[in-house]
Amino acid sequence: MARMLGRLTRITLVACWLLVPAAGHADVVEIRTAEKIAATADFRPGKADKPAILVLHGFLQTRDFGIVKNIADTLADEGYTVLSPTLSLGISHRKRSLDCEALHLHDMDVDLREIQQWVQWLRSRGHQRIIGVGHSFGAAQLMAWREQYREKGFELIGVSLVGSAPFTLESRSSLARKDVARKPPGADLVHAPLSFCEIYTAPAGKYASYDQWGDDRIIAALKQSGSRTDVIMGSSDKFPPPDWEARLAKAGAHVHPIRGANHFMDGSQEFDMLDIVLGILKR
Amino acid sequence: MKVSRLSISHWVATFFIVLSLTIALLCGIGLYRLYEIGADLDRSRQESARKELAAAMADLSVYLQQQSSVITNWDETRQQLANPDYYGYWKASRMHQSGLISPVFSDLDLYDRAGFLLPGGDTDNEGRINPSDAGKTLYYPAKGLGRISHVFPIYSDGKRNFLLGYAQVSFDLVQALNRIHSFSYLMPEKLAVRNPPPAPLALQDLGKSLSYEVRASHEIEKLEDAVTRTYTILALAMLIAAVTAYLFVHHLLARPLAKLADAIGSLQADEARMDYVDELESPYMLKELDTVRQSIQNYRQKLSDARLELENRNVTFQQQALQDSLTGLYNRRAFEEDWENLVRALAGHSESMALLLFDCDHFKPINDTYGHQVGDLVLQTIAGAVNDVMRSGDRLYRIGGDEFATLLWGADEHMALLIAERCQESVRKEDFRRLGVQEPVSISIGIAIDEISKDDDLTRLQAHADSAMYQAKRPGNKKIAIYRMGEASSEDVLVASLETNALYQALAEPEMMEIHFQRMQPLTGGGEYLEALTRIRHNDTLLMPDRFLPVVLSRRLEAEFDLAVIRLIHSSIESGTIPSGTGVSINLSAQSLHRPEVIAQLIELTRHAERHPLILEITETSLVPQLAEITHFLGILRTSGFKIALDDFGSGYSPLRYLADLPVDIIKFDMGLIHQLKNNDRTSMVVSDFARLMRDAGYSLIAEGVEDEAMLQKVSSLGFAHVQGFHIDMPHVLQPVEAKVVKLFN
C-alpha cells in the first residue's frame, strides 16, 4: 500500500513537472574536451545534503533518451544534484543519438575522459559524493571509468546493464566481427556488429575500444571494483545474454530484477525501476 | 437604282450562300469569343504563373533555410568538420544514406573555416568557397540552372559561437522547384535565364531573370475542342441542310421557273426550240407552276401557229416585194438584192459577170399611141419572150418602165452575145399585131461584162451597160452593143457622159447651142429656105446631132430641146441674121407637138412669117404619138403660117399612114431614097415613080443628100421643089453680112 502511494506521488510529481516545465528546467553546461569538442550536460543542482548523481546515457544515445531523462528528472525532483551529460562522441554540442550507420570516430578512451571531465566538473563544484547511474552500456562505461580512473568508492547503479557485445547471437558470431578482430588498431574502417548495431562503422582501433567491453570484461570489472554496484534488470530484457543477472550477482553486483520490464523499462516498470533507484540512493 | 436581274437559281443559291455565311459568321464570332476568353485566361494564367514562380522561389529560399538548418544541426556534419579524416568515406556512403540530406540537393560539400574543401570528398564544386558567400544562394552562369549553390556556415552550437566551417549544397533549380512546389500554371522544365549575366546571380535576383512558359490549360483546350467540334458539326449540318434545301427548292421551284422563263424568253425571241416543247410537256410538282406551264404551253402552241401563218405571209409578201406585178418577173429590189448576194458570195475572189440591159425601142410612143393597156401587154409579151430564152437559173428583172435586166454569172462575151441575140430574136418572133400594134416592136440590149469582186457595186457595171445601151440605140446599129473596157465603147462612156453634160449645160445656157443653117435650094422657082440644124459647142468641140440627139431621146428632153432651138431661131430672126425673105425650116420632135408651150412658142414665131416663111419638119423616124392630138396642133400651126413637112420620108414607120392622117404640105425624101436614084434599077424606078406620085398628089417634094450634079439633075427631073445637100450648101453659121434674101417658097 505504501509502495502504491509512493508510486502515485511520483506520478503526480512527474505530471506536474510535465505541466510546468519551468519548474524542472535544467541548466546546460558545457565543457571542452582535449579534442576541442564542446560537450554539454544538463545540470540541476540539488540539496547539499544529498549526493550528486551523474546520469549517463547508453551507447550512442543522449541525455534526452527517455529512460535517462526520466531518471535524471526524477532524481532532480527528489532533491539530488543531477548532472546528465551527453557524451560528445567527437561531435560538438551533440544533440541527437548517433546512428549506427554513422561513421564513428570516437572511442572508449575519449568517452571515459569526458566522464572524467564531468566528474571533475562536479567535484570542482563541491560535490564530493557522486553516485553514477548508467543505463545499458552507459553503466558499463561508468564501470570502465571507475576502473580506469581508480575511483574505488564510486557507487554505481546500472539500469539494464549490458556490455558492448552484439545483442543477437548471429551478430556475435558474424564473420565480419571475426574479421575485425584480426585487424590491427589503426587499420582502415571496419563494418561489424557492435552492441545493438548490426553494422557499426569505425576505424578498427576505435571499434576495438568498445568491443573489448563485452560481457566478460564487465564481469571482470565488477569483480575487481570493490565498490558497490547495483544493477536493475528487467526480466523481459532480451539484450543481455542468458544468466546475465546471475553472473552479475556472482560478480558482486546487487541485482534488482523487475518482473516484466524490458531493456528500456517501458510502461509501469519504469516506476518500479525509479522506485528501486531512489530506494538504493536513500540507503 | 439599277437592279441586277438574276435567275431564281442564282437568288436561291445566293440565299443559301448568305445563310451559310451567316452561320459561319456566327460560328466564327462564337469561336472568336471563345478565343478571347482563352486569351484572357492565358493572360490570367501568365500572371498566375508569374506569381507561382515568385512563390516557388520564396518557398525555395525558405526550404533552403530549413534544409541548411537540418544540415547544420546534423551532428555528423559537425563531426566531419571536427574530424575530417574519413570525410571522403562519409560523404560517399554515409551522407546520402543518412536520409537527412534532401533529395533536392544533388551534392553537399563541407569546407573548413578558411573556406577550403574538406579533403577526400568527391565533388564537382570548387576546392574553395568565399566565406563571404555564406548565407547566399548563387546562380553561376557557367553551371546553369542545374547546379545552383547555397552556402551556409556551420557552428558548433545553436548560439553560433564557434564556427566549424561551411557547407555548400548544390541543386537543380527545376527539380528543386518541382519538389517543393506544386505548379498549376508554370512549366518548371521550361525555365530559362534571359540574358545570362557574366557574374554569379543571387537567388532573389535570379527569379527576375527567369523566363518561363505557361502550362496549357487542358480545360480550355478541351472546351475549345468541344466548341469547335460542335460548330463544325453544326456547320456541316447546316451545309447539308442548305444544300438539301437548295436542291429541293431548285428542283421544285427554281428549275421549273427557269424553264418557264426560258420558254417565255424563247417565245419572246421568236425561237422555235423543240427542247422546250418537250420540257414543258412534263408536269411540275407545284400546282401553281404547272398551271403556268400549261398556259405557256397553250400560248406557245397558239403563237407557233400564228408564227407559222405569219411566216407564210412573209414569204408571200417577200415574193411579192421582189416580183413585178405586171410582168411576173423579179423587180428592181430583187435585182439589187441578187446583186448584193452574188457579190457577197464572191468572198475573196472575182468572177466574170455580164449585165444585160433590155430596153423596148419606142415604147413611149407605143404606149402613148395605143394606150397603157396595150403598152402593158407589150411589156408582158417582151418579158415573156425574153424570159423564155434565158438560161436555167438566170433571172430576168424589170428594173424600170420598159427596161429589163439580167445578170449572167460566169458568162463571157460570146455567151452574153448569144443570149442577147436569142432574146432579141425571141422578141422579134412575137406577133405584136395581135395586140393592135402595127409598128414593129424591138428591143435594144446593152451588155457590160467585167470581173466582179466583193467590193464592186452595181453602179459601175450598170453604167457600162447604160453606155452600151446608148451605143445600141444609135441609129444604124444592130441594137446590141457590148461595153468593152479600153475600146471605143469605153470612151463612149465618157462621150455619153460628155454629151449628156453638154446637153444639160446647153439647155441651161442656150448660148452653147449653135444654129447652123443649110440652104434648101429651090428648083421650081420657089423661095429659098434655110434648114436650122442645131450643134452644141462644148469646150471647143462641136457636137453634132447624132451625138446628143440620142441623149435627148433617152432622157425624154425633146420638148425642152425644141423650145431652146425655137428660141435661138427666134433670136436669129429678130436679130436680122437671117436675111429677110429667106424661109426657115425647123426640125421638131413629134413628142413636142402636144406640149402647149412649144405650140405657143411656134405661134409666137409666126409673127415673122411674112418675112421668113416657116416650115416645120416632123421627123418621120420618131413615131408620132397621139396622132389625133398632133393632127389638131399641126392644124393650128398650119393655120398660123407653118408649112408642115414630113422629114426623112423613106425611113421609119408607116409614112403612108402619116400622109393620110397628118396635115402635111411637104415631103422631104430621106437621103437613102435619094441615093437610090443614082442606081438604074427597080428601086430607083420605084422611088422615081413614088416621087412623081407624091408630086401629083399635091405634095411639095424636097430631096435630101444631093451630093453631085447628076443627082441634082435627077431630082430636078422628078419634079422636086427643093434640093438640099453638100452639093448645094454645107451647113454653116450665118453671119449678118452673109444674109441674103431668098425667094419665098410658094
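Definitions and cut-offs
Residue positions are given per chain, counting from 1 as you read along its sequence in written order. Working convention: letters from A go to chains and numbers from 1 go to ligands, in the order in which they are written. Given that this is a predicted model, residues contribute local features only at a pLDDT of at least 70 and side-chain atom pairs are listed and counted only at 80 or more, while totals for whole chains, interfaces and linings are drawn from all residues. Helix and strand definitions here come from DSSP, where helices need a minimum of 4 consecutive H or I residues and strands a minimum of 2 consecutive E residues; each element is numbered from the N-terminal end. Each residue is classed by its C-beta neighbour count within 10 Å, where at least 20 other C-beta atoms makes it buried, 12 or fewer makes it exposed, and intermediate counts make it partly exposed; the C-beta atoms are placed from backbone geometry. Any residue pair is listed as a contact if its two C-beta atoms, each placed from the backbone, are within 7 Å. Three residue categories are used. Nonpolar comprises Ala, Val, Leu, Ile, Met, Phe, Trp, Tyr, Cys and Pro, charged comprises Asp, Glu, Lys and Arg, and polar comprises the others, including Gly. An axis is simply a line fitted to the C-alpha atoms; with a helix, the fit covers only the stretch in contact. Between two such axes, the angle follows the N-to-C directions and lies from 0 to 180 degrees. We call two directions roughly parallel when the angle between them is under 35 degrees, roughly antiparallel when it is over 145, roughly perpendicular when it lies between 65 and 115, and oblique otherwise. When buried Ala, Val, Leu, Ile, Met, Phe, Trp, Tyr and Cys residues are joined through C-beta atoms within 7 Å, the set is termed a nonpolar core. The criterion for strand pairing is that DSSP finds at least two bridges linking the strands in question. The handedness criterion is simple: a crossing whose near helix is rotated anticlockwise from the far helix by less than a right angle is left-handed, and one whose near helix is rotated clockwise is right-handed. Between the first and last residue of a helix there are one fewer steps than residues, each counted as 1.5 Å, and that sum is the expected span. Looking at any residue, its pLDDT shows the predictor's confidence there, from 0 to 100.

**Here's the deal with the overall build of chain A**
Stage number 1. Counting secondary structure elements, chain A contains 10 helices and 10 strands.
Stage number 2. Within chain A, the proportion of its 283 residues that are buried is 48%.
Stage number 3. The contacts in chain A between residues at least 6 apart in sequence include a share of 69% that link residues at least 24 apart.

**Focus on the overall build of chain B**
Stage number 1. Along its length, chain B carries 21 helices and 22 strands.
Stage number 2. Relative to its 746 residues, chain B shows a buried fraction of 33%.
Stage number 3. If you take every contact in chain B between residues at least 6 apart in sequence, the share linking residues at least 24 apart comes to 68%.

**Considerations on the interface of chain B and chain A**
Interfaces are often sized by the accessible area lost when the parts come together.
Stage number 1. Residue-level contacts link 17 residues of chain B with 16 residues of chain A.
Stage number 2. For the side of chain B that touches chain A, the secondary structure elements donating two or more residues are α2 (75-82) and α3 (87-97) of chain B.
Stage number 3. Looking at the side of chain B that touches chain A element by element, the count peaks at five residues for α2(B).
Stage number 4. Across the side of chain B that touches chain A, the residue classes break down as five nonpolar, six polar and six charged.

**Here's the deal with the packing of helix α3 (residues 108-123) of chain A against helix α4 (residues 137-148) of chain A**
All names here are of chain A.
Stage number 1. Where α3 contacts α4, the axes come no closer than 10 Å and their chain directions differ by 80°. The pairing of α3 with α4 is recorded here as roughly perpendicular in orientation. Contacts between α3 and α4 involve M108, D111, L112, I115 and Q116 from the first element and Q141, L142, A144, W145 and Q148 from the second.
Stage number 2. In the contact of α3 with α4, the residues fall into six nonpolar, three polar and one charged.

**Describing the nonpolar core**
Stage number 1. The biggest cluster of nonpolar side chains holds 125 residues, and the ones touching the most others in it are I53(A), L54(A), V55(A), I71(A), A140(A) and Y207(A).
Stage number 2. Among the elements that take part in this core, helix α1 (residues 8-73) of chain B stands out by supplying eight residues, more than any other.
Stage number 3. Ignoring any residue separated from it by four or fewer positions in sequence, one finds I53(A) in contact with L75(A), Y80(A), T81(A), V82(A), I131(A) and V133(A).
Stage number 4. V551(B), I578(B), L588(B) and L677(B) belong to the second-largest nonpolar core, a separate cluster that totals 66 residues.

**Here we look at the sheet that holds strand β6 (residues 155-159) of chain A**
Residue and element names in this part refer to chain A.
Stage number 1. Spatial strand order, β1-β2-β4-β3-β5-β6-β9-β10: eight strands in an open sheet with mixed pairing. For this open sheet the edge positions go to β1 (27-32) and β10 (254-258), each flanked by a neighbour on one side alone. Strand-to-strand twist across the sheet, computed as the mean angle between neighbouring axes with direction ignored, equals 20°.
Stage number 2. In terms of strand pairing, strand β9 (residues 229-234) meets β10 through five bridges, oriented parallel. What sits directly across from M233, in β10, is P257.
Stage number 3. Helix-sheet contacts for α4 involve β3 (52-56), β5 (130-135) and β6, and the interaxial angle to β5 is about 140°.
Stage number 4. On the sheet, helix α9 (residues 244-251) packs against β9 and β10 and is oriented at approximately 155° with respect to β10.

**Observations concerning the environment of L563(B)**
Residue and element names in this part refer to chain B.
Stage number 1. With respect to the helices, strands and loops of the structure, L563 is situated in helix α15 (residues 558-575).
Stage number 2. The sequence separation of L563 and I599 amounts to 36 residues, and the corresponding C-alpha distance is 9.4 Å.
Stage number 3. Not counting residues up to four positions away in its chain, the partners in contact with L563 are E597, V598 and Q601.

**Quick look at the pairing of strand β20 (residues 700-703) of chain B**
Residues in a regular strand point their side chains to alternate faces of the sheet.
All names here are of chain B.
Stage number 1. Going residue by residue along β20, you find S700 and I702 tucked away on one face and L701 and A703 tucked away on the opposite face as well.
Stage number 2. Where β20 and strand β21 (residues 722-723) come together, two bridges link them in parallel fashion. Bridge pairing in β21 links I702 to H722.

**Notes on the sheet that holds strand β10 (residues 403-409) of chain B**
Residues and elements named next belong to chain B.
Stage number 1. If you walk across this open sheet you meet the five strands as β9-β10-β8-β11-β12, and the pairing is mixed. A strand with exactly one partner marks an edge of an open sheet, and here the two such strands are β9 (396-398) and β12 (480-483). Going across the sheet, the axis of each strand differs from the next one's by a mean of 20°, ignoring polarity.
Stage number 2. Inspection of the sheet shows strand β8 (residues 351-360) paired to β10 by seven bridges, in the antiparallel sense. Its bridge partner being in β10, D359 is matched across the sheet by E403.
Stage number 3. Along the sheet face, helix α9 (residues 332-345) touches β9, β10 and β11 (443-452) and points at about 20° away from the line of β10.
Stage number 4. Here helix α11 (residues 413-429) sits on the sheet in contact with β8, β10, β11 and β12, set at roughly 160° to β11.

**Quick notes on unusual backbone geometry**
Residue and element names in this part refer to chain A.
Stage number 1. Here the phi dihedral of R150 falls at roughly 55°; this positive angle occurs in a residue that is not glycine.
Stage number 2. Tracing the backbone shows R150 in the loop between α4 and β6.
Stage number 3. Looking at R150, the number of C-beta atoms within 10 Å reads 8, which means it is exposed.
Stage number 4. Positive phi outside glycine occurs at S160, with the angle close to 55°.

**Overview of the packing of helix α10 (residues 363-388) of chain B against α11(B)**
Packed helix pairs are characterised by how far apart their axes lie and by the angle those axes make with each other.
All names here are of chain B.
Stage number 1. Put simply, α10 and α11 touch, their axes get as near as 8 Å, and they point 135° apart. Accordingly, the angle class assigned to the pair α10 and α11 is oblique. Of the two possible hands of crossing, α10 and α11 adopt the one that is right-handed. Judged by residue contacts, I382, A385, V386 and D388 of α10 engage C423, S426 and V427 from α11.
Stage number 2. Tallied by class, the residues present in the contact of α10 with α11 amount to five nonpolar, one polar and one charged.

**Observations concerning the pairing of strand β2 (residues 38-44) of chain A**
Residue and element names in this part refer to chain A.
Stage number 1. Among the seven residues in β2, six count as buried, and that is most of the element.
Stage number 2. Here six bridges tie β1 to β2, and the two strands are oriented antiparallel to one another. Its bridge partner being in β2, V28 is matched across the sheet by D42.
Stage number 3. The hairpin formed by β1 and β2 contains five residues between the paired strands, and K36 there has a positive phi angle of roughly 60°.
Stage number 4. Pairing between β2 and strand β4 (residues 81-86): five bridges, direction antiparallel. Opposite R44, over in β4, you have V82 as the bridge partner.

**Some thoughts on helix α2 (residues 66-77) of chain A**
Residues and elements named next belong to chain A.
Stage number 1. For α2, which comprises 12 residues, the first-to-last C-alpha distance of 16 Å matches the rise-based estimate of 16 Å (1.5 Å per residue) to within 8%.
Stage number 2. Taken as a whole, α2 has its buried residues at I67, V68, I71, A72, D73, T74, L75 and A76.
Stage number 3. Looking at the residues trailing α2, positive phi occurs at G79, about 95°.

**As for the confidence of the model for chain B**
Atom-level detail of predicted coordinates should not be read off regions where pLDDT is low.
All names here are of chain B.
Stage number 1. Of the residues in chain B, 92% have a pLDDT of 70 or more, and the chain-wide mean is 83.
Stage number 2. When the elements of chain B are averaged for pLDDT, helix α7 (residues 274-279) gives the smallest value, 61, and β9 the largest, 93.
Stage number 3. Confidence drops under a pLDDT of 50 for residues 737-746, and excluding neighbours within four residues, the segment shows 31 contacts in the predicted structure.
Stage number 4. Confidence metrics for the complex model read pTM 0.49 and ipTM 0.84.

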